[in-house]
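# Coordinates in review
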Amino acid sequence: MIKRFSVLFVGQTDLENIGATGTPADQRWYSNEHLIKAYGYAEELARHMDDLGFCCLWTAEHHFQREGYEVFPNLILLGVHLAGMTRNLKFGAAFNIVPMWHPIRLAEDFAMADILTGGRLIFGVGRGYHSREVETFGAPVIDNDANRELFEEQMEVIFKAFNEESFSHQGKYYTLPADVPYRGYQLKDITMVPRPVNRPVEIWQPIASGRTLAYIAQKGIKGMVALTGEVLAQRLIRSYQEEAAKAGRQLALGQDMALGIGFYIADTQEEAINRIRPYHDERYKWFAPFGFVRYTDSEGRPWGTPGAPARTPHIEDGVQQKAWFCGPPSSFVTFLKDMEEKYPGLEDIVLQWPEGMPWPEFKEQLSTFAREVMPAFSAQRAAAVGGDDGN
């Protein structure tokens with residue numbers, strides 16, 4: 001049953017001349033003063049979500065984005081700041097790009113945040129996809145196999161740092177601790193100080209394709225599927241359940257997963273589609289070249305593969321694929337109830353703030369959602385809070 005509603009804000013600033021025929025994404029180049037408007041919006045969004053009873057504000061780590069789409073380089077620092085301005089809202093990393101960090105530094109920073117916020121940060125990890133970012137930080141991403149190998153070794157270090165009172169590690173990329181003398185003895189192990197007090201640490205990772213499913217399911221990492229067509233989403237969710245079972249974790253379908261949905265609420269579907277169209281199109285101007293069109297054709301073939309469409313999607317495609325919802329609140333309730341029936345273990349829904357939508361408009365959309373959609377799920381949301389079951 002759906003118990004928690006959250007929001008993903010990737011960190012966009014104000015964008016002008018938006019839409020499919022607007023300013024090309026690569027031609028946007030904003031001043032520092034304009035880019036940092038996104039930090040003010042994060043503060044306003046956090047306070048508004050806290051007042052409305054949302055669960056978690058998810059943000060995304062990115063670097064060097066003068067184009068203005070994603071301008072938060074440090075999610076842990078941002079989360080600690082926002083936690084100090086709110087009462088109950090949690091702050092999730094969607095996602096810390098691990099290859100751009102030393103794994104112990106990332107683990108230490110999260111541990112401090114866990115202590116200082118009373119457990120209100122959620123740890124999320126990703127491998128990265130922007131070559132401008134990851135390769136500039138000295139890590140591989142164009143070489144996918146090297147990126148995966150580095151990431152998995154870094155995660156091994158992070159798991160040790162979180163869970164063991166002292167540890168050592170010998171791998172291809174890291175030898176920990178350094179083999180050096182210290183105060184008259186030779187170092188053999190180290191202890192991360194501090195360690196998180198809320199253990200085991202809840203960890204999330206994005207699922208864009210089936211390649212990461214076996215790893216995260218076996219490691220007990222939770223998966224987020226966002227803006228993905230229903231056929232592909234169902235494949236990924238079912239595969240996660242199957243891979244978890246191989247590792248001895250018996251899960252209901254949809255359990256330990258979150259589903260990300262784009263949305264616009266209006267009196268009619270036609271009105272909602274027309275209003276969200278420029279924001280939807282602005283998003284895919286930026287993301288489609290990275291391969292983030294996760295739809296299938298009528299024969300179940302993913303877009304971009306032989307025989308399937310390879311174009312930039314329209315909002316009508318997203319609605320038809322059930323990756324986006326457009327329509328009145330009552331229909332949104334029905335849409336989500338259908339998701340509950342299809343995925344009985346699904347507890348988390350993440351709403352997307354589409355790029356280009358002004359903050360006042362998105363604020364009103366969240367208010368409408370909280371007032372007219374969330375009450376239909378109030379019983380299970382109250383049970384989740386009372387049971388303190390993880391998020």
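Presented here is an overview of the structure given in this document. Note that this is a predicted model, so its numbers are computed, not measured. (Residues numbered from 1 in each chain as written. Predicted model: local features only at pLDDT ≥ 70, side-chain atom pairs only at ≥ 80, totals over all residues. Heavy atoms only, no water.)

This part covers the overall build of the chain. Across its full length, the chain carries 13 helices and 14 strands. Here the C-alpha radius of gyration of the chain, 21 Å, is about what a compact globule of 391 residues would show, namely 21 Å. Considering only C-alpha atoms, the chain reaches an extent of 75 × 50 × 45 Å along its principal axes. Residues classed as buried in the chain amount to 57% of the 391 residues present. Of the contacts formed within the chain by residues at least 6 apart in sequence, a portion of 74% connects residues at least 24 apart. One way to put it: in the chain the 39 positive side-chain charges average out to a point 2 Å from where the 51 negative ones average out. (Helix = DSSP H or I, 4+ residues; strand = E, 2+ residues; numbered from the N terminus. Rg over C-alpha atoms; globule rule 2.2 N^0.38 Å. Buried < 20%, exposed > 50% of the residue type's maximum accessible area, 1.4 Å probe, protein only. Contact = heavy atoms within 4.5 Å. Lys, Arg positive; Asp, Glu negative; His and termini not counted. Charge placed at Lys NZ, Arg CZ, Asp CG, Glu CD.)

The interhelical angle for the contact between helix 11 (residues 329-342) and helix 12 (residues 359-372), taken along N-to-C directions, is 70°, at an axis separation of 10 Å. Accordingly, the angle class assigned to the pair helix 11 and helix 12 is roughly perpendicular. Crossing handedness for the pair helix 11 and helix 12: right-handed. Contacts between helix 11 and helix 12 involve Pro329, Phe332, Val333 and Leu336 from the former and Thr368, Phe369 and Glu372 from the latter. Taken together, the residues that form the contact of helix 11 with helix 12 break down as five nonpolar, one polar and one charged. (Axes fitted to C-alpha atoms, helices over the stretch in contact; angles between N-to-C directions. Parallel < 35°, antiparallel > 145°, perpendicular 65-115°, else oblique. Left-handed = near helix turned anticlockwise from the far one by under 90°. Nonpolar A, V, L, I, M, F, W, Y, C, P; charged D, E, K, R; others polar.)

So, about the state of the cysteines. As used in these notes, a disulfide is a covalent bond between sulfur atoms, one from each of two cysteines. In total, this model carries zero disulfides according to the counting rule given. Free cysteine: Cys56, not disulfide-bonded; nearest cysteine sulfur from Cys55 at 5.5 Å. (Disulfide = S-S within 2.5 Å.)

By size, the foremost hydrophobic cluster in this structure holds 117 residues, and its most contacted members are Leu45, Phe54, Leu57, Met155, Phe332, Leu336 and Phe369. At eight residues, helix 6 (residues 144-163) tops the list of elements feeding residues into this core. Beyond its immediate stretch of four places on either side in the chain, Phe369 contacts Phe5, Phe54, Ile265, Phe332, Leu336, Leu351 and Met374. With 13 residues, the next largest nonpolar core counts Val10, Cys55, Ala60 and Phe95 among its residues. (Core = buried A, V, L, I, M, F, W, Y, C linked by side-chain atoms within 4.5 Å.)

The side-chain alternation of strand 13 (residues 324-327) yields two buried faces, one formed by Trp324 and Cys326 and the other by Phe325 and Gly327. Where strand 12 (residues 257-265) meets strand 13, four bridges bridge the pair, whose relative direction is parallel. Bridge assignment links Gly262 to a residue of strand 13, and that residue is Trp324. (Pairing = 2+ DSSP bridges.)

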